[in-house]
Amino acid sequence: MAKIHRVILVLCLLVTFMVMFTGCIDKQKLKVMFGPDGANASVSAPVSQNGGTGSDAGDAQAQARQSLDINGSVGVLPLMKLLGDAFSESGGCIVNVTAGGKDAAITAADSGEADAVLYEESGAPGSENAQVIASDGVMLIVNAGFPADGIEYDHIVELFTDQDNMIGDEEVQLVLTGPGSHTRQVFEGIFPVRGESEGVQQSLVPDTATIVERDSDVVSEVLANPSAIGVVSIGTDLQGAKALLIDGRSLQDEGYGAREQIVLYTGQPQSELSKAFAGFIQSDAAKKVLSDNGYTLPVK
Amino acid sequence: MSKFKRMITFLLVALFLVSTVPVALAAKVTLKVDGAAIATDVAPTIVGDDALVSLKTLQDGLGVDTTYSASKKMITVKSAAHTFNFAIGNPNYNYDGPIKTAAVTPKLVNKKPVVSLKAVVEGLGGTVSISGSSIEVKYFSLMKGTVKITGSTTLQPIAQEAANKLNKMNTGLTISVAGGGSGAGVNDTIGGKNNLGMSSRALTSEEKAKITPIAVADDGIAVIVHPSNPVKNLTKEQAAKIFLGEITNWSEVGGKNAPILVQVRETGSGTRSTLEEMLLEKKSVIASATPSASSALIKQAVARDKNAIGFDSIGFVDKTVKVVSLDNIAPTVETVKGGSYLMGRALYLLTKGTPKGASATFIDYLKTADCQNTIVVKEGYIKLR
């Protein structure tokens, strides 16, 4: 009887060991092992793979087969790299990251060329195998004594593309962080404040805008200037500055126009690598990556 | 009591009829340009023998560029040959300088400006006819004469398709399109050897002093390798070093131990010039690289050799080659339009002076929604708007 227990224990350990490393198994082998729809089947020996670019010659083909491919929108490329690195460290698996834009990435996932897709979405994700993993966004802030409490989405675009410089009777001074900052990138991803010139997209924010280094500097400028309107990330300490309603909605309201969700899409049908990455996203390590980089985690 | 009920019933029926008949009579206004229906963001409003239409309707239907300043309430409509300046609330407008008066006054509808269709179409040389709720515009079917176009082989497929369509639509029109490369397109235009040039690179300031580039499509230059090559991404530095001949083996960038065979375009190619400008910081590609004389030929050269690397317009890329991302960004519509892909560019028609007649109309046609959706996108390029 004790022998049977030992056999069961060894088998359990073996299965556990193999399940832990499924994220790095050859995709072709996975198809054989689990079938095209990921149905359970017999489990063969796992293949663990360490490596990266610049490795020795000869096994590049093998590396490519044993890699997790993450695709997505350009706005989340830094996040894709961070999560990819964290996944790689946790599972010893090569991760390839490509930003091809949301539509191209979803197409890649559905055709099996990508295992996971990350992109920004203003509303709830509509497709199957898509889940919100974090949220991001901006607030338009003014001095507490500023006469207006709200602004329309279109008016924000007009102000930040030099088509208008007034809110009510008040001439306003724009305050933003620089083009390379996370807040600026999120702002320009949500509001269409870029335009094309000779085939190149450029920011249309007027030269008269005050450009500062950090969100906290934006808050300081707004507190010091009664005519300033600033852009800061959600979660910024406003220190008494006033966040404007956008189209009558506050940050806490459903449909607030300056918030976006970070969505993970894992393809249809899901590969085993997709499932492994989706599982990793729920881990404390992944949540730490998200929160350390300024993202707000969804409330359960 | 029954009399009272009958009265109530009668009144309700009358109210129903009064409220629904005008709705039924107000049929939806349709707008066609040379027989093709134009989707409108703001429904056109017919006023007498003219109509108020939105700026997007003018862009889509006639290929013109438009701008609107909300603070100044000013509208600019610009075709290849003409410029119109309108002001909200003022029937007078500026047409290439002189002041004219439109039959209908520009105004805002749902915050969007609408202007006189007839003022714009007749200013371009077209006609407007209105019958009931149908508006018919003729512009691209009134072309005549000869247009000779030369230059970029990247832009050539778009220009050729458009020429075929317009030649078929107009009996007295002959548009001819030939390649030769962007360098030839620029030189031919400067030398007056064509009516329109084609370039897939931006002009130098010296060239801009002599001729005018007009963007007609967007494009990205993809770095391409053989489909069996395991390399998926190169940093900008790695890609540059490969085309400069400083990295010569695939193993140096994560591939197998094999020499890198660099394929390039010929001197004078706009695609080569753009790569040298944007990726190589104005240095020249390795001199020993094999040159191909067209976009089609360089793709074939890369598809033939498993160790090859080259570059090509995304309009020419297909499954015979594999695209490598640069700094983790792949060349797609979203990344090129968004400006995040390193080698995004516009494709230009070139004119010497202000274009006239069929040459000007040809430029406008290339910028219509019809051409952008049915030719530019179909050929694999990126539409302007």
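Residues numbered from 1 in each chain as written. Chains lettered and ligands numbered in written order. Predicted model: local features only at pLDDT ≥ 70, side-chain atom pairs only at ≥ 80, totals over all residues.

Participant: When you look at the overall build of chain B in this model, what are you seeing that I'm missing?
Facilitator: Counting secondary structure elements, chain B contains 12 helices and 23 strands. Among the 385 residues that make up chain B, the fraction classed as buried is 49%. Look at the contacts in chain B between residues 6 or more apart in sequence, and 65% of them connect residues 24 or more apart. (Helix = DSSP H or I, 4+ residues; strand = E, 2+ residues; numbered from the N terminus. Buried ≥ 20, exposed ≤ 12 C-beta atoms within 10 Å, placed from the backbone. Contact = placed C-beta atoms within 7 Å.)

Participant: Hey, could you run me through the sheet that holds strand β13 (residues 134–138) of chain B in this one?
Facilitator: Two orientations exist for strands paired in a sheet by backbone hydrogen bonds: parallel and antiparallel. Residues and elements named next belong to chain B. Pairing is mixed across the open sheet formed by 4 strands, whose spatial order is β2-β1-β13-β12. Both outer strands of the open sheet, β2 (36–37) and β12 (127–131), are each paired with one neighbouring strand and no more. Pairing between β12 and β13: 5 bridges, direction antiparallel. Along β13, the bridge assignment pairs Ser131 with Ser134. (Pairing = 2+ DSSP bridges.)

Participant: Help me out: how do you make sense of unusual backbone geometry in this one?
Facilitator: Peptide bonds are mostly trans, and most non-glycine residues show a negative phi. Even without a glycine there, the phi angle at Gln239(A) is positive, about 50°. Within the element layout of this structure, Gln239(A) appears in the loop between β12 (228–233) and β13 (242–243). What makes Gln239(A) exposed here is the crowd of 12 C-beta atoms within 10 Å. Phi is positive for Glu281(B), which is not a glycine, with a value near 50°. The topology assignment puts Glu281(B) in the loop between α8 (270–278) and β20 (290–292).

Participant: Can you help me understand the packing of helix α4 (residues 156–169) of chain B against helix α12 (residues 369–376) of chain B in this one?
Facilitator: The angle between the axes and the distance between the axes are what describe a pair of packed helices. Residues and elements named next belong to chain B. Their axes nearest at 10 Å, the elements α4 and α12 cross at an angle of 120°. Here α4 lies oblique to α12, going by the angle between them. For the element pair α4 and α12, the recorded crossing hand is right-handed. For the pair formed by α4 and α12, the contact residues are Ile158, Glu161 and Ala162 on the first element and Cys371, Ile375 and Val376 on the second. Residues that form the contact of α4 with α12 fall into these classes: 5 nonpolar, no polar and 1 charged. (Axes fitted to C-alpha atoms, helices over the stretch in contact; angles between N-to-C directions. Parallel < 35°, antiparallel > 145°, perpendicular 65-115°, else oblique. Left-handed = near helix turned anticlockwise from the far one by under 90°. Nonpolar A, V, L, I, M, F, W, Y, C, P; charged D, E, K, R; others polar.)

Participant: Looking at this structure, how should I read the sheet that holds strand β10 (residues 107–109) of chain B?
Facilitator: Residues and elements named next belong to chain B. What the 4 strands build is an open sheet, ordered β3-β4-β11-β10; its pairing is antiparallel. Where the open sheet ends on each side, the last strands, each with one partner, are β3 (45–47) and β10. Neighbouring strand axes in the sheet, compared pairwise and without regard to direction, differ in orientation by 35° on average. Packing of helix α2 (residues 55–62) onto the sheet brings it into contact with β4 (50–54) and β11 (112–116), and relative to β4 it is tilted by some 95°. The strands that helix α3 (residues 117–124) touches are β4 and β11; relative to β11, the one it contacts most, it runs at about 55°.

Participant: How should the confidence of the model for chain B be read in this particular structure?
Facilitator: Should pLDDT be low for a region, the predicted coordinates there are not to be read in detail. All names here are of chain B. Of the residues in chain B, 94% reach a pLDDT of 70 or more, and the chain-wide mean stands at 92. Note that residues 18–25 has pLDDT below 50 and, in this model, 0 contacts with residues that lie over four places away or in other chains. The ipTM, which scores confidence in the relative placement of chains, is 0.73 for this predicted complex, and the corresponding pTM is 0.73. (pLDDT = per-residue confidence, 0-100.)

Participant: Please clarify how the pairing of β4(B) should be interpreted in this entry.
Facilitator: Remember that side chains alternate between the two faces of the sheet whenever the strand is regular. Residues and elements named next belong to chain B. β4 sits mainly inside the fold: 5 of its 5 residues count as buried. With burial as the criterion, each face of β4 is covered, one bearing Asp50, Leu52 and Ser54 and the other bearing Ala51 and Val53. Of the pairings in the sheet, the one linking β3 to β4 comprises 3 bridges and is antiparallel in character. Paired with Val47 across the two strands is Asp50, which belongs to β4. As consecutive antiparallel partners, β3 and β4 are separated by 2 residues, and within that stretch Gly48 has a phi angle of approximately 65°, a positive value. Bridging between β4 and β11 involves 3 bridges; their strand directions are antiparallel. Each residue of the ladder has a partner; that of Val53, found in β11, is Val115.

Participant: Mind showing me how you'd approach the domain arrangement of chain B here?
Facilitator: Residue and element names in this part refer to chain B. Parsing chain B into structural domains produces domain 1 (30–141), domain 2 (143–214 + 346–376) and domain 3 (220–344). Top element by residues in the side of domain 1 that touches domain 2 is α2. It accounts for 3 residues. Split by residue class, the side of domain 1 that touches domain 2 holds 7 nonpolar, 4 polar and 2 charged. (Domains from an automatic or database assignment.)

Participant: Would you explain the nonpolar core in this entry?
Facilitator: Buried together is how nonpolar side chains tend to be arranged in soluble globular proteins. Counting residues in each nonpolar core, the largest one holds 144 residues, and the members touching the most others are Val117(A), Leu118(A), Val120(B), Val223(B) and Phe362(B). Among the elements that line this core, the one with the most residues is strand β17 (residues 212–225) of chain B, at 7 residues. If sequence neighbours within four positions are ignored, Val223(B) has contacts with Leu234(B), Ala239(B), Ile309(B), Phe311(B), Val324(B) and Leu326(B). Membership of the second largest hydrophobic core comes to 30 residues, among which are Ile151(A), Phe187(A), Phe191(A) and Val218(A). (Core = buried A, V, L, I, M, F, W, Y, C linked by C-beta atoms within 7 Å.)

Participant: Would you mind showing me how to read helix α10 (residues 284–292) of chain A here?
Facilitator: Helical geometry note: an α-helix holds 3.6 residues per turn, so side chains three or four residues apart project in the same direction. Residue and element names in this part refer to chain A. Those residues of α10 that sit buried are Ala286, Val289 and Leu290. On an axial view of α10, the arc spanned by its buried residues comes to 95°, and they lie on one face. Exposed residues pointing more than 90 degrees away from the buried face of α10 are listed as Asp284, Lys288, Ser291 and Asp292. Of the surrounding secondary structure, the elements contacted by the buried residues of α10 are α4 (77–91), β4 (130–142) and α9 (272–281). Immediately beyond the C-terminal end of α10, within one or two residues, lies Gly294, with a positive phi of roughly 90°. (Arc of directions from axis to C-beta.)

Participant: Before we go on, may I ask you to explain α9(A) in this structure?
Facilitator: Leu273(A), Ser274(A), Ala276(A), Phe277(A) and Ile281(A) are the residues of α9(A) that are buried. One face of α9(A) carries all of its buried residues, which in axial projection span an arc of 165°.

Participant: Looking at this structure, how should I read the environment of Thr236(A)?
Facilitator: All names here are of chain A. With respect to the helices and strands, the residue Thr236 is situated in the loop between β12 and β13. With 21 C-beta atoms counted inside 10 Å, the residue Thr236 sits in the buried group. Taking C-alpha positions, Thr236 is 7.5 Å from Ser216, a pair spaced 20 residues apart along the chain. Not counting residues up to four positions away in its chain, the partners in contact with Thr236 are Met139, Asp215 and Val219.

Participant: Explain the environment of Gly230(A) here, please?
Facilitator: Within the fold, Gly230(A) resides in strand β12. What Gly230(A) contacts, discounting residues up to four positions off in sequence, is Ile141(A), Val175(A), Val218(A), Val219(A), Glu221(A) and Val222(A).

Participant: Help me out: how do you make sense of the pairing of strand β23 (residues 344–351) of chain B in this one?
Facilitator: Residue and element names in this part refer to chain B. Within β23, 8 of the 8 residues are buried, which leaves it mostly tucked inside the rest of the structure. Of the two faces of β23, the one lined by Gly344, Ala346, Tyr348 and Leu350 and the one lined by Arg345, Leu347, Leu349 and Thr351 are each fully buried. When strand β16 (residues 196–199) meets β23, the two strands line up antiparallel, connected through 3 bridges. Along β23, the bridge assignment pairs Ser199 with Tyr348. The pairing of β17 with β23 spans 8 bridges and is antiparallel. Residue pairing for β23: Ala215 is matched across the bridge by Tyr348.

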